[in-house]
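# A structural walkthrough
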Amino acid sequence: MDSFRRDSTTPSHGSFSSGGNGVCLMRSSWKEDQHLSFIDFISTFLSANSFRLNFVPIAPDFIFNCGGLSVAFIFVTNWDCNNVAPIFNRVQQLKAQFSRFYVVITLPGKEEIDSFIDSYFKFGMVIGKPTFIPVKDLEMGFEKMVKIAHSSGVYKQEGIEEKFKAERKKLVQGMNFYLKVVTSIPGIDDHDANALSQAIGSVQAIAKASKEQILENTDLSTDKAEMVSRFLRDPKFYLSPKIN
């Protein structure tokens with residue numbers, strides 16, 4: 001959940017330095033529930049940031065497309081403490097449909113904030129799935145939406161997502177190598193290797209750990225702890241032929 005303070009980097013009625021050049025789709029029925037002055041603010045803000053606005057019958061309240069990337073939003077402009085179930089039901093339905101999905105909620109006072117926090121856990125929300133963004137006022141909420149959409153498009157254009165994928169791949173490969181090394185120790189299986197990884201760390205850290213440390217921090221048996229300690233500390237032991 002985001003903070004309630006206006007981000008100093010968020011533009012106020014102005015343009016993003018790198019330009020927007022995207023499309024904003026607004027849910028037609030959502031528009032009908034808002035005050036005309038707020039719709040005017042949205043239109044002006046989007047125009048200033050090079051976004052084109054269209055009104056369409058979509059499931060979310062907004063879908064932004066920037067840099068070829070779509071980001072969906074629910075924008076709750078009136079939090080009714082006595083009727084929150086429909087909001088969370090919508091969230092559950094839509095989060096399975098959009099990989100990039102956020103929920104912006106206007107919470108102007110303590111009563112609304114407390115109600116939201118209680119409801120968030122009551123309805124079994126998982127932090128970050130999706131991301132909820134509480135804000136104090138409508139304009140702040142919409143500015144944050146545009147900033148998120150714009151940033152997502154910029155990241156895609158710069159190939160950052162591909163870099164993330166490459167990093168994840170390296171992590172997976174590193175873990176596979178780790179498992180291969182540790183499970184080469186006689187009697188050590190994947191469960192033991194994972195336990196050592198969580199409690200002790202890298203292969204180098206395991207090699208430095210004593211039998212007592214391994215026993216204290218994992219569920220390995222005494223024989224297995226002794227085997228790990230001997231195998232990684234004694235070159236004659238781990239270089240000698242093994243019978244599989």
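Please read these numbers as outputs of a predicted model, since none were measured by experiment. (Residues numbered from 1 in each chain as written. Predicted model: local features only at pLDDT ≥ 70, side-chain atom pairs only at ≥ 80, totals over all residues. Heavy atoms only, no water.)

### Focus: the packing of aromatic side chains
Convention followed: Two rings from Phe, Tyr or Trp (for Trp, the six-membered ring) form a pair when their centres are within 6.5 Å of each other. A pair whose planes differ by under 30 degrees is stacked, one over 60 is edge-to-face, and the rest are tilted. Secondary structure elements are taken from DSSP: a helix is a run of H or I of four residues or more, a strand is a run of E of two residues or more, and numbering for both begins at the N terminus. Only protein chains enter the accessibility calculation, which uses a 1.4 Å probe. A residue is then buried if its area is under 20% of the maximum for its type, exposed if over 50%, and partly exposed in between.
Applying the stated criterion across every chain yields a total of 22 aromatic pairs. Taking the centre distance of 5.8 Å and the plane angle of 25° together, the rings of Phe41 and Phe45 count as stacked. Within this pair, Phe41 and its partner Phe45 are both found in helix α2 (residues 36-48), separated by four residues, close to a single helical turn. With a relative accessible area of 10%, Phe41 lands in the buried category. Taken together, the aromatic side chains of Trp30, Phe38, Phe41, Phe45, Phe51, Phe62, Phe64, Phe73, Phe75, Tyr102 and Phe142 make up a single cluster linked through ring pairs.

### Side note on helix α7 (residues 190-199)
The condition that has to hold: Taken from the helix axis, the directions to the C-beta atoms give the arc we talk about. For the purposes of these results, a polar contact is taken to be a pair of N or O atoms within 3.5 Å, where, inside protein, one atom must be able to donate a hydrogen and its partner to accept one; residues adjacent in sequence count only when each atom of the pair is a side-chain atom.
If you check which residues of α7 are buried, you get Asp192, Ala193, Ala195 and Leu196. Buried residues of α7, viewed axially, fall in a sector of 160°; they line one side. The N-cap residue of α7 is Asp189: its side-chain oxygen and the backbone nitrogen of His191 are 3.2 Å apart. Gly201, located one to two residues past α7, shows a positive phi value of around 125°.

### Here's the deal with helix α3 (residues 85-95)
This is how it is decided: Residue contacts are defined here by distance: any two heavy atoms, one from each residue, within 4.5 Å place the two residues in contact.
Along α3, the residues that are buried comprise Ile87, Phe88, Val91 and Leu94. In an axial view of α3, the angular spread of the buried residues amounts to 130°, which keeps them on one side of the axis. Check the buried side of α3 and you find it contacts β4 (69-76), β5 (101-106), α4 (110-122) and β6 (131-135).

### Let's talk about the pattern of salt bridges
Quick reminder of the rule: We count a salt bridge whenever a side-chain nitrogen from Lys or Arg sits within 4 Å of a carboxyl oxygen from Asp or Glu.
Scanning all chains against the criterion turns up five salt bridges. The partner of Asp61 in a salt bridge is Arg27, and the shortest N-O contact between them spans 3.6 Å. With Asp61 in the loop between β2 (51-56) and β3 (62-66) and Arg27 in strand β1 (residues 22-27), the pair connects residues that are 34 residues apart, well separated along the chain. By relative accessible area, which is 2% here, Asp61 ends up buried. Classification of Arg27 by relative accessible area gives partly exposed; the value is 24%. Between Arg90 and Asp61 there is a salt bridge, with its nearest N and O atoms 3.3 Å apart. Within this pair, whereas Arg90 is found in helix α3, its partner Asp61 is found in the loop between β2 and β3, the two being separated by 29 residues in sequence. We classify Arg90 as partly exposed; its relative accessible area is 23%. Connected via shared salt-bridge partners are Arg27, Asp61 and Arg90.

Distances and angles like these do not, on their own, reveal function.
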